[in-house]
Amino acid sequence: QIKESATLTRDVLEQHFSDLKGTLKKLLDERLMSLLQEVDVIEQESIKPLDECQKLIEHGVSTADDLLQEGESAVDGDVGTQNEKLCNFTKKALHIQLDSLPEVPSLVDVPCLSAQLDDCLLTILKNQIFRHGTVASRPPVQLEEFVEKPGGILVRWCKVDDDFIPQDYRLQYRKSTASHFEDVYVGSETEFIVLHIDPNVDYQFRVCARGDGRQEWSPWSVPQIGRTTLVPHEWTTGLEGYSLSSRRNIALRNDSQSCGVLYSKAPTYFCGQTLTFRQVLFGIETVGQPDRRDSLGVCVEQQNGYDSLQRDKAVCISTNGAVFVNGKEMTNQLPAVTSGSTVTFDMEVVQLGPCSNEGGNFKLRVTISSNNREVVFDWVLDQCCGSLYFGCSFSYPGWKVLVF
């Protein structure tokens, strides 16, 4: 690991500084071209009036020279034509203003180009370059735990550098056969459930963090392998009143008049001796008109012919927050289920064997949570259950439920 990470770090540093040199050269070339263009513009704008002044002066000198030659010719001519030439010369001389010249600007008013190049730029760049980049022997954040979920993995990470103050975390993953990592979470939490994980397949995870008030991300944690052996939760297909997503983990109550309980495809909610139930989470994405018969919950077996889980061998919560155990409503009540609500069922085995006082021989400790409130009770069954189904029922269209 040391040699591999050192080699990778060298490659990253060399590539980064190579890219940096190319970018700096490009920026310097662009700045040079910009300054040279400024010189061209000032030169052209400043020289134009002086060129025009020079042309006027040269024209006046040329006119005066022509007139002088004409005067000399008139003087040198014979007597017969002398008077006529002198008369023409005099008329022309009166019309030409030989004493009028354009104003020539003073020397101090004429632009004199120069370049101001502040050498302190080199000092600033030198100081910035010498502080640019760091080499860390250990990343400030490391992966801490992988917890199997049905069709997913709960990934937890922790800060291992006491001096590092994180603002955000960034979690990436990839299949063991893939060549590139992809972002799966960016935020302030220190755990995240990665869904759509194929069972019994290795996935590689890594995490980094961004310090408080910083833009750059920290070095990546040491990549670690995570996997789940639990198949994903899926709704069963074919029930007329519900439409399912392609992964069959989202159910939408459609506008069909048909009603009934939509069950899971299989009893994927496992239980057993000394086993803690995996959490089943219902995420309510959209809501329809509520009804007292609505239900979300788990049951021992599929029983067709019912329009609700408010029956024997089932525990559930209605959309109005009422909790039912084996068809009987409890005194305790949870908040009503609304759009964006999450409802969780968490169970553990608390008793196996005969229990004549309770009338059953299998007891589960059930915790139902909704909107930061929870109820806890014991669910007594007359048989040991190795696994449970989950289900839902809604009387009116518009309800959309994600299960994982």
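Scoring rules and cut-offs
- Residues numbered from 1 in each chain as written.
- Predicted model: local features only at pLDDT ≥ 70, side-chain atom pairs only at ≥ 80, totals over all residues.
- Heavy atoms only, no water.
- Phe/Tyr/Trp six-rings, centres within 6.5 Å; stacked < 30°, edge-to-face > 60°.
- Helix = DSSP H or I, 4+ residues; strand = E, 2+ residues; numbered from the N terminus.
- Buried < 20%, exposed > 50% of the residue type's maximum accessible area, 1.4 Å probe, protein only.
- Salt bridge = Lys/Arg side-chain N within 4 Å of Asp/Glu carboxyl O.
- Pairing = 2+ DSSP bridges.
- Axes fitted to C-alpha atoms, helices over the stretch in contact; angles between N-to-C directions.
- Patch = residues over 30% accessible without salt bridge, like charges linked within 9 Å, V, L, I, M, F, W, Y side chains within 5 Å.
- Areas by Shrake-Rupley, 256 points an atom, 1.4 Å probe, with all protein chains shown as cover.
- Lys, Arg positive; Asp, Glu negative; His and termini not counted.
- Charge placed at Lys NZ, Arg CZ, Asp CG, Glu CD.
- Core = buried A, V, L, I, M, F, W, Y, C linked by side-chain atoms within 4.5 Å.
- Polar contact = N/O pair within 3.5 Å; in protein donor to acceptor, adjacent residues only side chain to side chain.
- Expected span 1.5 Å × (residues − 1).
- Bend = angle between axes of the 7 residues up to and from the residue.

1. Let's talk about the packing of aromatic side chains
So, step 1. In total, this model carries eight aromatic pairs according to the counting rule given.
So, step 2. Ring geometry for Trp157 against Tyr185: centres 6.0 Å apart, planes inclined by 45°, an arrangement best described as tilted. Taken together, the positions of Trp157 in strand β2 (residues 152–159) and Tyr185 in strand β4 (residues 182–187) put the pair 28 residues apart, joining distant regions of the chain.
So, step 3. Residue class for Trp157 comes out buried when judged on its relative accessible area of 2%.
So, step 4. You can call Tyr185 buried: its relative accessible area is 14%.
So, step 5. On the numbers, 4.9 Å between centres and 25° between planes, the contact of Tyr185 with Phe192 is stacked.

2. Describing the pattern of salt bridges
So, step 1. In total, this model carries 14 salt bridges according to the counting rule given.
So, step 2. Residue Arg365 pairs with Asp378 through a salt bridge whose shortest N-O separation is 2.4 Å. Of this pair, Arg365 sits in strand β18 (residues 362–370) while Asp378 sits in strand β19 (residues 373–381), and the two are 13 residues apart along the sequence.
So, step 3. According to the relative accessible area criterion, Arg365 is partly exposed, its value standing at 33%.
So, step 4. Through salt bridges that share partners, Glu145, Arg156 and Glu191 make up one connected network.

3. Structural notes on unusual backbone geometry
So, step 1. In this structure, Arg248 is a non-glycine residue whose phi angle is positive, near 60°.
So, step 2. When you line up the elements, Arg248 lands in the loop between β8 (242–244) and β9 (250–253).
So, step 3. Classification of Arg248 by relative accessible area gives partly exposed; the value is 29%.
So, step 4. Positive phi, close to 65°, is recorded for Asn372, a residue that is not glycine.
So, step 5. Its location among the elements puts Asn372 in the loop between β18 and β19.
So, step 6. When its relative accessible area of 88% is taken as the criterion, Asn372 is described as exposed.

4. Examining the environment of Gln351
So, step 1. Tracing the sequence through the fold places Gln351 in strand β17 (residues 342–352).
So, step 2. Spatially, the C-alpha atom of Gln351 lies 9.2 Å from that of Val380, the residues being 29 residues apart in sequence.

5. Topic: the sheet that holds strand β3 (residues 166–175)
Hydrogen bonds between backbone groups are what pair the strands of a sheet, and the pairing can be parallel or antiparallel.
So, step 1. With antiparallel pairing, four strands are arranged side by side in an open sheet as β4-β3-β6-β7. The open sheet terminates on both sides in strands that have one partner only, identified here as β4 and β7 (224–226). Strand after strand, the sheet turns through a mean of 30° between neighbouring axes, direction not considered.
So, step 2. In terms of strand pairing, β3 meets strand β6 (residues 203–211) through nine bridges, oriented antiparallel. Counterpart to Gln172 in the pairing with β6 is Arg206.

6. Some remarks on a negative patch on the surface
So, step 1. A contiguous patch of negative charge, built from Asp65, Asp66, Glu72 and Asp76, is present on the exposed surface.
So, step 2. With respect to the helices, strands and loops of the structure, Glu72 is situated in helix α1 (residues 2–76).

7. A look at the nonpolar core
So, step 1. With 35 residues, the main nonpolar core has Met347, Leu364, Ile368, Phe377, Trp379 and Leu388 as its most contacted residues.
So, step 2. Those elements that provide at least two residues to this core are β13 (295–299), β14 (314–317), β15 (322–325), β17, β18, β19, β20 (387–393) and β21 (400–403).
So, step 3. Counting residues in each nonpolar core, the second largest holds 16 residues, with Tyr169, Leu171, Tyr203 and Phe205 among its members.

8. With respect to the side chain of Ser387
So, step 1. Inspection of the secondary structure assignment puts Ser387 in strand β20.
So, step 2. Engagement of the side chain of Ser387 in a polar contact is seen with the backbone oxygen of Pro267, the distance being 3.3 Å.

9. Quick notes on helix α3 (residues 120–131)
So, step 1. Between its terminal C-alpha atoms α3 stretches 17 Å, which fits the 16 Å expected from 12 residues at 1.5 Å a residue.
So, step 2. Just beyond α3, the residue with positive phi is Gly133, at close to 85°.

10. Thoughts on α1
So, step 1. The end-to-end C-alpha separation of α1 is 108 Å, in line with the 111 Å expected for 75 residues at 1.5 Å each.
So, step 2. Its axis deflected by about 30° at Ile47, α1 carries its strongest bend there, up to four residues before the proline Pro49.
So, step 3. Within α1, the full set of buried residues consists of Cys53, Leu67, Gly71 and Ala74.

11. What about a nonpolar patch on the surface?
So, step 1. A cluster of nonpolar side chains, contributed by Leu121, Leu122, Leu125, Ile129 and Phe130, occupies part of the molecular surface with about 520 Å² of accessible area.
So, step 2. With respect to the helices and strands, the residue Leu122 is situated in helix α3.
So, step 3. Residue classification places Leu122 among the exposed positions, given a relative accessible area of 61%.

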